[in-house]
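As a plain string of letters, each chain reads:
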Amino acid sequence: MNFIRFSDLCASGQVAGKRVFIRADLNVPQDDQGHITEDTRIRASIPCLQMALDAGAAVMVTSHLGRPVEGEFKPEDSLAPVAARMGELMKREVPVIADWVGGVDVKPGQLVMLENCRLNKGEKKNNEALARQMAALCDIFVHDAFGTAHRAEASTYGIAQYAPTASAGPLLAAEMDAISKALSNPRRPLVAIVAGSKVSTKLTILKALAGKVDQLIVGGGIANTFMLAMGLKIGKSLAEPDLLAEAKAVIDAMKARGAEVPIPTDVVTAKTFAADAPATIKAADQVADDDLILDIGPETTARLAAQLKAAGTIVWNGPVGVFEFDAFSKGTEGIAHAIADSSAFSLAGGGDTLAAIAKYGIEKQVDYISTGGGAFLEVLEGKTLPAFEILQKRAAG
C-alpha cells in the first residue's frame, strides 16, 4: 500500500511550524460517574501526538466518544475526562476546545483537544461543507484511528480529501503494513482461522478467504455447521442448518484450488452449557443426540497445530471453543501456543481473540495484534477500507 507516513514528514522536517490535525481513537470506557475505567487507547495515541510536538507542530487532536446526538451537547459526551487523563500521562495541560469547526487558535508546541467530533452536525454522513471547514484548520491531516477506518465520516474521510496533506499516523500505518503483509503479499502457506458462534456473521469473510488461503480453519459454532454439511451428527450443538449449502460451497471452493477446510476428527462434548459440566472427548462421528460440542479434541488440536507451525502466514479471528470454561479451553490454548511457536508472520484481531491472546500470555509472539474490531473484519471480507482508499489516493497525487 502506498500512503504518506506522518513519521516520514516529521523526520524530513516538513512538520515544523505547521498546523497538524490528528484524528485519534480515544473512545474509552467510562463508569456511571464519568471516570475512565481503561485507558489503553489514550496511551496508544500518545506516540503520534508526541511525534508531532517534537517536530515543532501546532497540534490539534479529536476523537468520537460514545454515541452522542449530533448538534446536542451533553456533559457525558465531553472529551474533558480524556483530556485530563492525557494531560496526566504527558505531564502537560491539554485544554479542551468546544465549537471548534470555525477556527482554532493553537501555536507551535501547543496541544489542544477538540471536543467530541461526533457532536458536529454532518459528521457521520461526511458532509462536504463540514469536511472542508475541518480541512481548513490544518496544513497536515493525520489519521491514526484504525477502529474508525471502515467509516467514511467527515473527520476520517472528508478532511483527508480536502486537507493540503493527508497522512497515516503510526498506529494506522502499522495496521496498513500488517494487513498488506498478511493478505496482499503473504508468505505461503497462508492459513486463516475463522471461528465464532455463527456462520452468518462470518459468511462473507469465509467466502472472501476461500479464494485466497491455503488452509481455512473453522472453529466454534461455525465448525459445527461445517461438520453438519459434511454429514456428521452434532447433537444439540449450536449450528445454522439453513447455511449448509453455503458451508459446502466454501469447502468445494477450497478443494477446487487444492486447499482445504480441515474438519474436526474429535471433539469435546458436554450435556449442558456450564463451566462445571463434565467434559467428554469423542470421535467426531460418535456425537450423541443430547451432546453439545464445546471444543475441538486433542487429535484435531495436534493436527491443526502442526499445520500452523508449518505456515508462512497466519490470520487469526476467533477462539475455536468455549475457552472461557477451562474444561473446553484446550483447543484454543493449543492453537494459541502453535501460533506463538510458528515462524509464520501472524496477524490476529477481534475481541475474543484478544482475550485468548491475553489469557495464554502470547502477546509478544503474535507479530501484529489488530485493535480494529469492525474494521479488521471488513479487511478480512476483502473490502477496501475508506481510510486506506483516500490515503492511497492522496499519496498518488
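This structure is a prediction, so every number in the text was calculated from the model and none was measured.

Remark on secondary structure: sheet strands pair via backbone hydrogen bonds, oriented parallel or antiparallel. Spatially, E3-E4-E2-E1-E5-E6 is the arrangement adopted by the six strands of the open sheet, whose pairing is parallel. Sheet topology places strand E3 (96-97) and strand E6 (165-168) at the edges, where each strand pairs with a single neighbour. Taken together, the four bridges between strand E2 (residues 58-62) and strand E4 (residues 111-114) define a ladder with parallel strand orientation. Paired with Val59 across the two strands is Leu111, which belongs to E4.

Another aspect to go through is the environment of Ala348. Position of Ala348 among the secondary structure elements: in strand E13 (residues 345-349). Assessed through its relative accessible area of 1%, Ala348 is described here as buried. With 21 residues separating them in the primary sequence, Ala348 and Ile369 have C-alpha atoms 4.9 Å apart. Discounting chain neighbours no more than four positions away, the residues touching Ala348 are Trp316, Thr353, Ile357, Val366, Tyr368, Ile369, Ser370 and Phe376.

Once that is clear, we can look at the sheet that holds strand E9 (residues 266-270). The three strands lie next to each other as E10-E9-E11, forming an open sheet whose pairing is antiparallel. Strands with a single pairing partner mark the edges of an open sheet, and in this sheet they are strand E10 (280-283) and strand E11 (292-296). Strand-to-strand, the axes of this sheet are offset by a mean angle of 45°, without reference to chain direction. The pairing of E9 with E11 spans four bridges and is classified as antiparallel. Counterpart to Thr269 in the pairing with E11 is Ile293.

Let us look at the packing of helix H4 (residues 128-135) against helix H5 (residues 154-162). At their nearest, the axes of H4 and H5 sit 8 Å apart, and the two run at 70° to each other. The angle between H4 and H5 falls in the class roughly perpendicular. Every pair of crossing elements has a handedness; the one defined by H4 and H5 is right-handed. Note on element contacts: H5 touches H4 through Ala154, Ser155, Gly158, Ile159 and Tyr162, opposite Glu128, Leu130, Ala131, Arg132, Met134 and Ala135. The residue makeup of the contact of H4 with H5, split by class, is seven nonpolar, two polar and two charged.

On to the pairing of strand E1 (residues 19-23). Burial of E1 is extensive: four of the five residues sit out of reach of the surface. In this structure, E1 lies alongside E2, joined through five bridges in parallel fashion. Residue Arg19 lies in a different strand from E2, and its bridge partner there is Ala58. Pairing of E1 with strand E5 (residues 140-143) involves four bridges; the strand directions are parallel. Of the residues in E5, the one forming a bridge with Val20 is Ile140.

Phe146, Leu206, Leu216, Phe226, Val261 and Phe388 are the most contacted members of the largest nonpolar core, which totals 76 residues. No other element matches helix H6 (residues 170-184), which puts seven residues into this core. The contact partners of Phe146, leaving out residues within four places of it in the chain, are Leu172, Glu175, Ile179, Ser370, Gly372, Ala375, Phe376, Val379, Leu385 and Phe388. By size, the runner-up hydrophobic cluster in this structure holds 30 residues, among which are Val15, Ile46, Val82 and Ile140.

The residue Val287 is located in the loop between E10 and E11 in this model. Val287 sits in the buried class, given a relative accessible area of 8%. Distance in space between the C-alpha atoms of Val287 and Leu130 is 59 Å, their sequence separation being 157 residues. Beyond its immediate chain neighbours, meaning those up to four positions away, Val287 contacts Lys233, Ile234, Gly235, Val267, Lys282 and Ile293.

This brings us to the pattern of salt bridges. Taken as a whole and assessed by the stated rule, the structure comprises 18 salt bridges. With its nearest N and O atoms 2.7 Å apart, the salt bridge here joins Arg85 to Glu88. Of this pair, Arg85 and Glu88 both sit in helix H3 (residues 80-90), three residues apart, roughly one helical turn. The class for Arg85 is partly exposed, based on a relative accessible area of 22%. Salt bridges sharing common partners tie together Asp39, Arg43, Arg85 and Glu88.

Cut-off values and rules
- Residues numbered from 1 in each chain as written.
- Predicted model: local features only at pLDDT ≥ 70, side-chain atom pairs only at ≥ 80, totals over all residues.
- Heavy atoms only, no water.
- Pairing = 2+ DSSP bridges.
- Helix = DSSP H or I, 4+ residues; strand = E, 2+ residues; numbered from the N terminus.
- Buried < 20%, exposed > 50% of the residue type's maximum accessible area, 1.4 Å probe, protein only.
- Contact = heavy atoms within 4.5 Å.
- Axes fitted to C-alpha atoms, helices over the stretch in contact; angles between N-to-C directions.
- Parallel < 35°, antiparallel > 145°, perpendicular 65-115°, else oblique.
- Left-handed = near helix turned anticlockwise from the far one by under 90°.
- Nonpolar A, V, L, I, M, F, W, Y, C, P; charged D, E, K, R; others polar.
- Core = buried A, V, L, I, M, F, W, Y, C linked by side-chain atoms within 4.5 Å.
- Salt bridge = Lys/Arg side-chain N within 4 Å of Asp/Glu carboxyl O.

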